[in-house]
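Residue-level structure breakdown
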Amino acid sequence: MSDSITAEWDTAGVIAAFDRFGAVLEPYLKEAAKDTATAIQREAQARLQRQLGPGATGKTVANIQIQEARVGVGYVVLSTREPMPNVPIWLERGTSRQRPRPYFNSAALLEEGAHRRRIEQAVQQALNDTGLGA
């Protein structure tokens, strides 16, 4: 009489289902990422505008933009300023002559929890829509 139990499972079907679900899930995640990027953009623009005040040109605020990610699924929020590309960094971190005016990292950190909830909801919605969440 043996004191052990041996069990074997063929996981190929489960792995194939996860692979198929990944393709189904992508548009749901992309929509959630777009919502997060839009929220970060809006918050960063509002924070920077408040800090710079009404006398600012508005060029840096206007150039907080959203772009679709080149690699992977999602979006990137960028803060640029031509012809002086370092202006957003100087504003965010300050310089030897100017105090920091953090706007970008703060906006992103504020969205962390909301983004996590959006992703959880996107996964659940994809599961529900495909009948896998029942």
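Residues numbered from 1 in each chain as written. Predicted model: local features only at pLDDT ≥ 70, side-chain atom pairs only at ≥ 80, totals over all residues. Heavy atoms only, no water.

1. Concerning the side chain of threonine 60
- Residue position: threonine 60 is located in helix α2 (residues 59-62).
- Among the polar contacts made by the side chain of threonine 60, one reaches the side chain of arginine 81 at a distance of 3.2 Å.
- Not counting residues up to four positions away in its chain, the partners in contact with threonine 60 are Leu48, Ser79, Thr80, Arg81, Val87, Pro88, Leu91 and Tyr103. (Helix = DSSP H or I, 4+ residues; strand = E, 2+ residues; numbered from the N terminus. Polar contact = N/O pair within 3.5 Å; in protein donor to acceptor, adjacent residues only side chain to side chain. Contact = heavy atoms within 4.5 Å.)

2. Describing the pattern of salt bridges
- Inspection of every chain in the model, using the stated rule, returns four salt bridges.
- Salt-bridge contacts for lysine 30 lead to glutamate 68; the nearest nitrogen and oxygen are separated by 2.4 Å. Note that lysine 30 is positioned in helix α1 (residues 12-52) and glutamate 68 in strand β1 (residues 64-68), a separation of 38 residues in sequence.
- A salt bridge links glutamate 111 to arginine 118, with the nearest nitrogen and oxygen atoms 3.0 Å apart. (Salt bridge = Lys/Arg side-chain N within 4 Å of Asp/Glu carboxyl O.)

3. Let's talk about unusual backbone geometry
- At the junction of glutamate 82 and proline 83, the peptide bond is cis and its omega measures out at 10° in the coordinates.
- Within the secondary structure, proline 83 sits in the loop between β2 (75-79) and α3 (87-93).

4. Some details on the nonpolar core
- The biggest cluster of nonpolar side chains holds 12 residues, and these are Ala37, Ile40, Ala44, Leu48, Val61, Ile64, Val77, Val87, Leu91, Tyr103, Phe104 and Ala107.
- Of all the elements, α1 adds the most residues to this core, at four residues.
- Leave out the neighbours within four places in its chain, and valine 87 touches Thr60 and Arg81. (Core = buried A, V, L, I, M, F, W, Y, C linked by side-chain atoms within 4.5 Å. Buried < 20%, exposed > 50% of the residue type's maximum accessible area, 1.4 Å probe, protein only.)

5. Topic: the packing of aromatic side chains
- Applying the stated criterion across every chain, the model contains one aromatic pair.
- With a centroid separation of 6.3 Å and an interplanar angle of 80°, the aromatic rings of tyrosine 103 and phenylalanine 104 are classed as edge-to-face. For the residue pair tyrosine 103 and phenylalanine 104, the accessibility class agrees, reading buried in each case. (Phe/Tyr/Trp six-rings, centres within 6.5 Å; stacked < 30°, edge-to-face > 60°.)

6. Comments concerning the environment of alanine 69
- With respect to the helices and strands, alanine 69 occurs in the loop between β1 and β2.
- Sequence separation of alanine 69 and leucine 132 is 63 residues, and the distance between their C-alpha atoms is 28 Å.
- Once residues within four sequence positions are removed from consideration, alanine 69 is found in contact with Gly74, Tyr75 and Val76.

7. Description of the environment of glutamate 112
- Position of glutamate 112 among the secondary structure elements: in helix α5 (residues 112-130).
- The sequence separation of glutamate 112 and glycine 53 amounts to 59 residues, and the corresponding C-alpha distance is 27 Å.

8. Remarks on a nonpolar patch on the surface
- On the surface, Met84, Ile89 and Trp90 cluster together into a nonpolar patch covering about 290 Å² of accessible area.
- With respect to the element layout, isoleucine 89 can be found in helix α3. (Patch = residues over 30% accessible without salt bridge, like charges linked within 9 Å, V, L, I, M, F, W, Y side chains within 5 Å. Areas by Shrake-Rupley, 256 points an atom, 1.4 Å probe, with all protein chains shown as cover.)

9. Focus on the side chain of arginine 101
- The residue arginine 101 is located in the loop between α3 and α4 (104-110) in this model.
- Buried and without a salt bridge, arginine 101 has glutamate 92 as its closest oppositely charged side chain, separated by 11 Å. (Lys, Arg positive; Asp, Glu negative; His and termini not counted.)

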